[in-house]
Amino acid sequence: VPAENKPCGTRTLGLDKGYTEVFTDHNGRRYGKNLGKILTEVSDRRNLKGKRRNKIRSVKEKLEVKNPKKAARIEKNNLGKVKFNRAKKRDEAVIRTEVRTAVHVVFSRAREVIIEDLSRNIPGKSKGPKWNRRLSSWVKGETQTAIEEISTRRSGAASIEVNAAYTSQEHHRCGCLGRREGDDFHCEVCRVVESADRNAARSILKRRDDTEITRWMPHRQVRTILEGRTLRRRNLHLPDSSCNPEGLSTESELRNIPSVDPI
């Protein structure tokens, strides 16, 4: 069935874009769970290939004066771009398939998705050269493009972008600034621990109706608002009971959450 004729779902989902998977929704369901494995394999293989090509290029440059004919043969036979570009296109096709399959599954369940606006760079702590290489801006752009294109092709579907600043550091229930440690999110004001990806997706969903934080607001202004909310919550001394409606203890919440079957 052509994508244009496929109906969309009926739900509204908040989506957190990730590296290990394409998305995690606000219910904790994962989509495109092989993305991280594919990106790591592709990035590391390209990096190794690049290092080898650089060594050959270094040899060629040393020969350009002493033996220009041999240098020319090395350039032609060992540093060509035909096979390199062909392999790059194959890798991009695999990544594109994983991303677009995940987006189609999302719109099979949802009529409206709330996502982060990642069109602007938000300053943050560097993860180091290896992870910066793996977290390719091309993949981020491909995910954004897939959502925009598929949402227009699936009848009745829509996507809404919200401000991305601090969604991974905001507790979705009280609006306090917390901290992310690996797969866990810690809200020190409310004394609860949650799944970091699920909390981020719920914060993104909440941003849709947040009248204070607009889509184009600078990240420094967003932080000021969140710091004000955190301070007001701290001044109450006692955590709001709505932050922990399930009665879960601080460190046991993640262990007691029912597992969600990944897609």
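What this report covers is the structure whose coordinates are included nearby. (Residues numbered from 1 in each chain as written. Predicted model: local features only at pLDDT ≥ 70, side-chain atom pairs only at ≥ 80, totals over all residues. Heavy atoms only, no water.)

For the protein, the helix and strand inventory stands at 8 helices and 8 strands. Within the span of the protein, comprising 263 residues, buried residues form 40% of the whole. A separation threshold of at least 6 residues defines the contact pool for the protein, and within that pool the share at least 24 residues apart is 70%. In the form shown here, the protein has an accessible surface area of approximately 15400 Å², with 50% of it arising from carbon and sulfur atoms. (Helix = DSSP H or I, 4+ residues; strand = E, 2+ residues; numbered from the N terminus. Buried < 20%, exposed > 50% of the residue type's maximum accessible area, 1.4 Å probe, protein only. Contact = heavy atoms within 4.5 Å. Areas by Shrake-Rupley, 256 points an atom, 1.4 Å probe, with all protein chains shown as cover.)

This paragraph deals with a positive patch on the surface. Taken together, the side chains of K49, K51, R52, K55, K83, R86 and R90 define a basic patch exposed on the protein surface. Elements that contribute at least two residues to the positive patch include exactly α1 (35–66) and α3 (82–109). With 4 residues, the top contributor of residues to the positive patch is α1. Turning to its location among the elements, R86 is positioned in helix α3. (Patch = residues over 30% accessible without salt bridge, like charges linked within 9 Å, V, L, I, M, F, W, Y side chains within 5 Å. Salt bridge = Lys/Arg side-chain N within 4 Å of Asp/Glu carboxyl O. Lys, Arg positive; Asp, Glu negative; His and termini not counted. Charge placed at Lys NZ, Arg CZ, Asp CG, Glu CD.)

Our next topic: the environment of K33. Structurally, the position occupied by K33 is in the loop between β3 (30–31) and α1. A C-alpha to C-alpha distance of 6.4 Å links K33 and T20, two positions 13 residues apart in sequence.

Tallied over the entire structure, the rule returns 0 aromatic pairs. The ring of F84 has R53 lying over it, and the distance from NZ or CZ to the ring centre is 4.9 Å. (Phe/Tyr/Trp six-rings, centres within 6.5 Å; stacked < 30°, edge-to-face > 60°. Lys NZ or Arg CZ within 6 Å of the ring centre and 35° of its normal.)

Comment: phi is negative for the bulk of residues other than glycine, and the bulk of peptide bonds are trans. In the Ramachandran plot, Y166 falls in the positive-phi region, its phi being about 65° despite a non-glycine side chain. Its place among the elements puts Y166 in the loop between β5 (158–163) and β6 (179–181). Taking the relative accessible area as the measure of exposure, Y166 reaches 16% and is therefore buried. Despite not being glycine, R191 has its phi angle at roughly 60°, a positive value. Among the secondary structure elements, R191 is positioned in the loop between β7 (184–187) and β8 (192–195).

This part takes up the pattern of salt bridges. Applying the stated rule across the entire model yields 23 salt bridges. Ionic pairing is found between E142 and R96, a salt bridge with its closest N-O pair at 3.6 Å. In this pair, E142 is assigned in helix α5 (residues 137–153) and R96 in helix α3, connecting sequence segments 46 residues apart. In this structure, a network of salt bridges that share partners links the residues E170, R207, D210, E212 and R229.

Further remarks concern the nonpolar core. The biggest cluster of nonpolar side chains holds 25 residues, and the ones touching the most others in it are F23, V103 and V113. Listing elements by their share of this core, those giving two or more residues are β1 (11–17), α1, α3, β4 (110–117) and α5. Those residues in contact with V113, other than ones at most four positions away along the chain, are L13, L15, V106, F107, I147, A158, S159 and I160. (Core = buried A, V, L, I, M, F, W, Y, C linked by side-chain atoms within 4.5 Å.)

This next bit is on the sheet that holds β6. A sheet is described by the order of its strands in space; here 3 strands give the open sequence β6-β7-β8, paired in antiparallel fashion. Of all strands in the sheet, those with a lone pairing partner are β6 and β8, marking the two edges. Along the sheet, successive strands turn relative to each other by an average axial angle of 30°, direction set aside. Two strands pair when backbone bridges link them, and β7 and β8 are joined in this way by 4 bridges, in the antiparallel orientation. What sits directly across from H186, in β8, is V193. On top of the sheet, helix α6 (residues 196–207) reaches β6, β7 and β8; it is set at about 90° to β8, its chief contact. (Pairing = 2+ DSSP bridges. Axes fitted to C-alpha atoms, helices over the stretch in contact; angles between N-to-C directions.)

The next subject is the sheet that holds β1. Strand order across the open sheet formed by 5 strands is β3-β2-β1-β4-β5, with mixed pairing between neighbours. Unpaired on one side and paired on the other, β3 and β5 mark the two borders of the sheet. The pairing of β1 with strand β2 (residues 23–25) spans 3 bridges and is classified as antiparallel. Following the sheet pairing, K17 is matched in β2 by F23. Contacts from α3 reach β1, β2, β3, β4 and β5, with the element oriented near 130° to β4. Against the sheet, α6 contacts β1, β2, β4 and β5, and its axis sits at roughly 125° relative to β1.

With 32 residues, α1 extends 47 Å between its outermost C-alpha atoms, agreeing within 8% with the 46 Å of an ideal straight helix rising 1.5 Å per residue. For α1, the set of buried residues is L35, G36, I38, L39, V42, S43, R53, K60 and L63. (Expected span 1.5 Å × (residues − 1).)

The analysis is restricted to geometry; functional conclusions fall outside its scope.
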